[in-house]
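Now for the letters of each chain:
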Amino acid sequence: MTDIRTPDVSVRLATAEDRPTVERLWLMFRHDLSEFYGVLPGADGTFRSDRLEHAFTAPGWLPYLLVCGERPAGLAFVRGLDGPVRVLNSFFVVRGARRRGIGLHAVREVLGRHPGPWEIAFQEDNRAAVRFWQRVADDVAQDAWTRELRPVPERPELPPDAWISFVVTG
């Protein structure tokens, strides 16, 4: 992996005390994705939050909080820790922290905590995400990664997600 210096960025497990912060970051994340999925928030102004709930309560899931200095800068939800393949289920960096190496630093940190096979999905129409995740795959796995399109489960009206797969060594 290429070394970059982002000394003010840290990644830590989100605690119950962090949950309100993570919930607000989740709303920003889902708002960003609404552009690609064409969805509106519910009547209460929120988006679906089942993954948020799973991240804090389900077996095999972990929520991470990305922090820049003393401020929240994003989130990462990992699932599949009790199975053969880990999935970076959700990953978000606030807009003010993007394009400074913070996302790459944070994703390296999260992946490195759980060596083994990984899969990450993103929306093909999100050109910035396509560039970012291909850069991550190149950085982490060099040429040893794959990419494939898969239908979104239970959402046939949506375009397929792009999935990258690779192995993180310990």
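Keep in mind the model is a prediction, meaning the values are calculated, not measured.

A. Just the overall build of the protein, in detail. If you tally the helices and strands in the protein, you get four helices and seven strands. Listed N to C, the secondary structure of the protein is β-α-α-β-β-β-α-β-α-β-β in terms of helices and strands. Taking contacts inside the protein between residues at least 6 apart in sequence as the whole, the part at least 24 apart equals 60%. Of the roughly 9200 Å² of accessible surface on the protein, 53% is carried by carbon and sulfur atoms.

B. Quick look at the packing of aromatic side chains. The final tally for this structure, using the stated rule, is four aromatic pairs. Ring centres of tryptophan 26 and phenylalanine 77 lie 5.5 Å apart, and the angle between their planes is 15°; this geometry places the pair in the stacked category. Remark: phenylalanine 77 occurs in strand 3 (residues 71–79) and tryptophan 26 occurs in helix 1 (residues 19–37); sequence separation between them is 51 residues. Residue class for tryptophan 26 comes out buried when judged on its relative accessible area of 2%. Taken together, Phe91, Phe132 and Trp133 form an aromatic cluster joined through their ring pairs.

C. Structural detail: the sheet that holds strand 6 (residues 145–150). Spatially, 1-2-3-4-5-7-6 is the arrangement adopted by the seven strands of the open sheet, whose pairing is mixed. Here the strands that pair on one side only, and so sit at the sheet edges, are strand 1 (9–13) and strand 6. Between one strand and the next, the sheet's axes are offset by a mean angle of 25°, whatever the strand orientation. Sheet topology places strand 6 next to strand 7 (residues 161–168); six bridges connect them, and they run antiparallel.

D. Main features of the nonpolar core. Leu88, Phe91, Trp133 and Phe166 are the most contacted members of the largest nonpolar core, which totals 47 residues. Per-element tally for this core: the top contributor is helix 4 (residues 127–141), with seven residues. For leucine 88, the residues in contact, after removing those within four places along its chain, are Ala76, Phe77, Val78, Val107, Val110, Trp118, Glu119, Ile120 and Trp133.

E. Structural view of the pattern of salt bridges. Under the definition given, this model contains eight salt bridges. One network of salt bridges, in which partners are shared, links Arg19, Glu23 and Glu53.

F. Structural detail: the environment of arginine 30. One can find arginine 30 in helix 1. For arginine 30, a relative accessible area of 6% corresponds to the buried category. The spatial distance from the C-alpha of arginine 30 to the C-alpha of serine 49 is 9.1 Å, given a sequence separation of 19 residues.

The rules behind each value
- Residues numbered from 1 in each chain as written.
- Predicted model: local features only at pLDDT ≥ 70, side-chain atom pairs only at ≥ 80, totals over all residues.
- Heavy atoms only, no water.
- Helix = DSSP H or I, 4+ residues; strand = E, 2+ residues; numbered from the N terminus.
- Contact = heavy atoms within 4.5 Å.
- Areas by Shrake-Rupley, 256 points an atom, 1.4 Å probe, with all protein chains shown as cover.
- Phe/Tyr/Trp six-rings, centres within 6.5 Å; stacked < 30°, edge-to-face > 60°.
- Buried < 20%, exposed > 50% of the residue type's maximum accessible area, 1.4 Å probe, protein only.
- Pairing = 2+ DSSP bridges.
- Axes fitted to C-alpha atoms, helices over the stretch in contact; angles between N-to-C directions.
- Core = buried A, V, L, I, M, F, W, Y, C linked by side-chain atoms within 4.5 Å.
- Salt bridge = Lys/Arg side-chain N within 4 Å of Asp/Glu carboxyl O.

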